[in-house]
Amino acid sequence: MDVAKTIIKESLPIKCLEAVILSLYLTSEIPSVQRFPISFKSSFQGTVHKHIILGVQYSGKYGALGLSRRSTLMYKELNFESLHDLLQEFIKCYEECYHRVHRIKLGLPVTHDCQSMESVIWKFVVLKPDNDFKDRCDTFAKQLRRKVLQRGCIVVWGMVFLILIWY
């Protein structure tokens with residue numbers, strides 16, 4: 001979180017990844033908010049673009065924190081009923097900017113402990129906006145609400161994997 005402190009101290013221009021780090025730092029004191037990275041891969045006129053934001057979940061509502069040149073591709077208020085609704089809103093906004101979304105990556109919830117040495121899992125689930133998109137979003141969101149997606153035990157589409165961290 002030293003990066004976030006430097007960003008605040010220096011007040012320099014930042015890009016989307018730095019905005020996610022800053023958002024993590026600024027929300028670290030709110031343990032009731034689940035925070036997880038959401039990244040997009042899109043294309044426009046044959047050029048591939050990548051973007052990342054911080055998804056947030058609180059009391060069953062979803063929103064996002066981030067930064068983009070396009071105002072529609074960053075901050076989203078915490079008023080979406082489901083993760084699927086939030087992601088569909090982003091896909092719609094990408095389409096309004098003439099981009100086609102190829103995939104969306106959802107990461108694991110990030111710890112609220114600023115002193116933690118745990119690395120951020122940026123990519124846990126890869127979604128493509130296709131037929132089973134809603135089902136996969138709902139499964140991830142259900143696990144997020146149940147706080148199943150933690151470091152010790154992760155339920156992946158109905159299968160349990162134990163992750164042992166060796167020190």
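Heads up: these notes are all about the structure in this document. All of these numbers come straight from a predicted model, not from anything done at the bench. (Residues numbered from 1 in each chain as written. Predicted model: local features only at pLDDT ≥ 70, side-chain atom pairs only at ≥ 80, totals over all residues. Heavy atoms only, no water.)

**Remarks on the packing of aromatic side chains**
Right, on to step 1. Under the criterion given, the structure shown has 3 aromatic pairs.
Right, on to step 2. An aromatic cluster is defined as three or more aromatic residues linked by ring pairs; in this entry it consists of Phe40, Phe90 and Tyr94.
Right, on to step 3. Just above the ring of phenylalanine 90 sits the side chain of lysine 76; from NZ or CZ to the centre is 5.2 Å. (Phe/Tyr/Trp six-rings, centres within 6.5 Å; stacked < 30°, edge-to-face > 60°. Lys NZ or Arg CZ within 6 Å of the ring centre and 35° of its normal.)

**With respect to the layout of surface pockets**
Right, on to step 1. What the largest pocket holds in volume is close to 470 Å³.
Right, on to step 2. As for the largest pocket, its lining consists of 17 residues, and the residues nearest its centre are His49, Lys50, His51, Ser68 and Arg69.
Right, on to step 3. Ranked by the residues each element gives to the lining of the largest pocket, the list is headed by strand S2 (residues 47–58), at 3 residues.
Right, on to step 4. Classifying every residue of the lining of the largest pocket by side-chain character gives 8 nonpolar, 5 polar and 4 charged. (1 Å grid on protein atoms, 1.4 Å probe; cavity = no way out; pocket = protein on both sides within 12 Å on 5 of 7 lines; lining within 4 Å. Points joined across faces, edges and corners; volume = space filled by probe spheres on them. Helix = DSSP H or I, 4+ residues; strand = E, 2+ residues; numbered from the N terminus. Nonpolar A, V, L, I, M, F, W, Y, C, P; charged D, E, K, R; others polar.)

**Overview of the pairing of strand S3 (residues 61–65)**
For a regular strand, side chains alternate in direction, first toward one face of the sheet and then toward the other.
Right, on to step 1. Here S2 pairs with S3 via 5 bridges, running antiparallel. Looking at S3, one finds that valine 56 is bridged to glycine 63. (Pairing = 2+ DSSP bridges.)

**Regarding the sheet that holds S3**
Right, on to step 1. The strand order across the open sheet built from 6 strands is S4-S3-S2-S1-S5-S6, with neighbouring strands paired in antiparallel fashion. Where the open sheet ends on each side, the last strands, each with one partner, are strand S4 (76–80) and strand S6 (125–127). With strand direction ignored, the average angle separating the axes of adjacent strands in the sheet is 25°.
Right, on to step 2. Here 2 bridges tie S3 to S4, and the two strands are oriented antiparallel to one another. Among the inter-strand pairings, alanine 64 is bridged to a residue of S4, identified as lysine 76.
Right, on to step 3. Taken strand by strand, helix H4 (residues 133–145) contacts strand S1 (34–44), S2, S3, strand S5 (100–106) and S6, and its axis lies near 150° from that of S6. (Axes fitted to C-alpha atoms, helices over the stretch in contact; angles between N-to-C directions. Contact = heavy atoms within 4.5 Å.)

**Description of the pattern of salt bridges**
Right, on to step 1. The tally for this structure, following the rule as stated, stands at 5 salt bridges.
Right, on to step 2. Salt-bridge contacts for lysine 92 lead to glutamate 96; the nearest nitrogen and oxygen are separated by 3.6 Å. Here lysine 92 pairs with glutamate 96, and both are found in helix H3 (residues 83–96), just 4 residues apart, close to one helical turn.
Right, on to step 3. Looking at lysine 92, the relative accessible area reads 39%, which means it is partly exposed.
Right, on to step 4. Take glutamate 96: its relative accessible area is 45%, and that puts it in the partly exposed class.
Right, on to step 5. Among the salt bridges present, the one from aspartate 138 reaches lysine 134, with a minimum N-O distance of 3.0 Å. One end of the pair is aspartate 138 and the other is lysine 134, both in helix H4 and 4 residues apart, which spans about a single turn.
Right, on to step 6. With a relative accessible area of 43%, lysine 134 lands in the partly exposed category.
Right, on to step 7. The structure contains a network of salt bridges with shared partners spanning Lys76, Glu89, Lys92 and Glu96. (Salt bridge = Lys/Arg side-chain N within 4 Å of Asp/Glu carboxyl O. Buried < 20%, exposed > 50% of the residue type's maximum accessible area, 1.4 Å probe, protein only.)

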